[in-house]
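A structural walkthrough
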Amino acid sequence: MADFYYSASVDNLDWKLIGSRPAGGPDERTLSIQYTLPSNSPLQAVRVSIRYQGSPNECPGGAWDDSDDLVFAVDPTPASLAAAAAGAQAPIPVPPPKAMDSSHCAAIGEIDRKRCEEGTLCVWKNGRNKGCYPKTSGDTAKGKGKAKGKANKVSTSDDHAA
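Conventions used here
- Residues numbered from 1 in each chain as written.
- Predicted model: local features only at pLDDT ≥ 70, side-chain atom pairs only at ≥ 80, totals over all residues.
- Heavy atoms only, no water.
- Helix = DSSP H or I, 4+ residues; strand = E, 2+ residues; numbered from the N terminus.
- Buried < 20%, exposed > 50% of the residue type's maximum accessible area, 1.4 Å probe, protein only.
- Contact = heavy atoms within 4.5 Å.
- Areas by Shrake-Rupley, 256 points an atom, 1.4 Å probe, with all protein chains shown as cover.
- pLDDT = per-residue confidence, 0-100.
- Phe/Tyr/Trp six-rings, centres within 6.5 Å; stacked < 30°, edge-to-face > 60°.
- Salt bridge = Lys/Arg side-chain N within 4 Å of Asp/Glu carboxyl O.
- Polar contact = N/O pair within 3.5 Å; in protein donor to acceptor, adjacent residues only side chain to side chain.
- Core = buried A, V, L, I, M, F, W, Y, C linked by side-chain atoms within 4.5 Å.

1. Overview of the overall build of the protein chain
When its secondary structure is counted, the protein chain shows three helices and six strands. Listing the helices and strands of the protein chain from first to last along the sequence gives β-β-β-β-α-α-α-β-β. Looking at the protein chain as a whole, 14% of its 162 residues qualify as buried. Restricting the contact set of the protein chain to residue pairs at least 6 apart, pairs at least 24 apart contribute 42%. For the protein chain, the exposed area adds up to about 12700 Å²; of that, 54% sits on carbon and sulfur atoms.

Here is the structure:
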């Protein structure tokens with residue numbers, strides 16, 4: 001099942017269920033749903049959550065579940081479609097996207113380690129409270145850390161000049 005959500009603001013995500021569509025089957029398919037954009041909100045988001053079982057949940061946690069989000073700009077000024085199509089109004093520039101902060105790490109949860117490690121703001125931690133956490137100054141990049149032992153001297157052609 002595919003559950004469709006929207007949030008009128010990306011600054012304070014509040015996912016509202018639009019509706020659900022069956023998504024089962026082995027072949028690729030296109031699913032769609034319509035809704036009315038909320039007014040007076042220049043940056044909005046939609047989410048589609050695919051779930052294997054259960055009821056609608058904007059953050060599904062099953063092994064076969066997945067969610068994807070799309071953030072987009074909306075011109076909040078009222079205008080008729082005819083006037084816009086006739087070129088009566090110049091396009092309004094899209095504001096630059098806001099940088100994600102580490103508060104988004106918690107939204108990834110404890111299921112999707114790969115998604116957590118792909119970003120630069122979050123780090124995966126194992127143990128009893130495993131999951132995705134905001135990266136701190138003590139966290140090192142994967143495969144990096146302090147080297148042990150002494151550095152070896154590399155011989156160059158200048159070292160052997162007579």
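From this point, the discussion proceeds with the structure in view.
2. Quick word on the confidence of the model for the protein chain
Looking at the protein chain, the pLDDT average stands at 74 and 69% of residues meet or exceed 70. Ranking the helices and strands of the protein chain by mean pLDDT puts strand β2 (residues 16-21) first, with 95, and helix α1 (residues 81-85) last, with 56. When the criterion is pLDDT under 50, residues 142-162 qualifies, and its contacts beyond four places in sequence or with other chains add up to five contacts.

3. Quick look at the packing of aromatic side chains
Here a ring pair, both rings aromatic, is described through the centre-centre distance and the interplanar angle of the planes. One pass over the structure, following the stated rule, counts one aromatic pair. Their ring planes at 20° and their centres at 5.2 Å tell us that Tyr 6 and Tyr 35 sit as a pair that is stacked. With Tyr 6 in strand β1 (residues 2-7) and Tyr 35 in the loop between β2 and β3 (43-50), the pair connects residues that are 29 residues apart, well separated along the chain. Here Tyr 6 falls in the partly exposed class, since its relative accessible area comes to 23%. With a relative accessible area of 27%, Tyr 35 lands in the partly exposed category.

4. Considerations on the pattern of salt bridges
Scanning the entire structure with this criterion turns up three salt bridges. Note that Arg 51 and Asp 3 form a salt bridge whose closest N and O atoms lie 2.5 Å from each other. Taken as a pair, Arg 51 in the loop between β3 and β4 (66-73) and Asp 3 in strand β1 lie far apart in primary sequence, 48 residues in all. Note on Arg 51: relative accessible area 10%, which makes it buried. Taking relative accessible area as the criterion, Asp 3 reaches 0% and is therefore assigned buried.

5. Examining the side chain of Gln 44
Residue position: Gln 44 is located in strand β3. Exposure remark for Gln 44: the relative accessible area of 0% places this residue in the buried category. A distance of 3.0 Å separates a polar side-chain atom of Gln 44 from the backbone oxygen of Pro 38. A polar contact of 2.9 Å, which involves the side chain of Gln 44, links it to the backbone oxygen of Ser 41. With sequence-adjacent residues up to four places away left out, Gln 44 is seen in contact with Ser 7, Ala 8, Val 10, Leu 37, Pro 38, Leu 70, Val 71, Phe 72 and Val 74.

6. A short note on the nonpolar core
Cys 105, Cys 116, Cys 122, Trp 124 and Cys 132 form the largest nonpolar core, which has five residues in total. In this view, Cys 105 contacts Leu 121, Cys 122, Cys 132, Tyr 133 and Pro 134; residues no more than four positions away in its chain are not counted.

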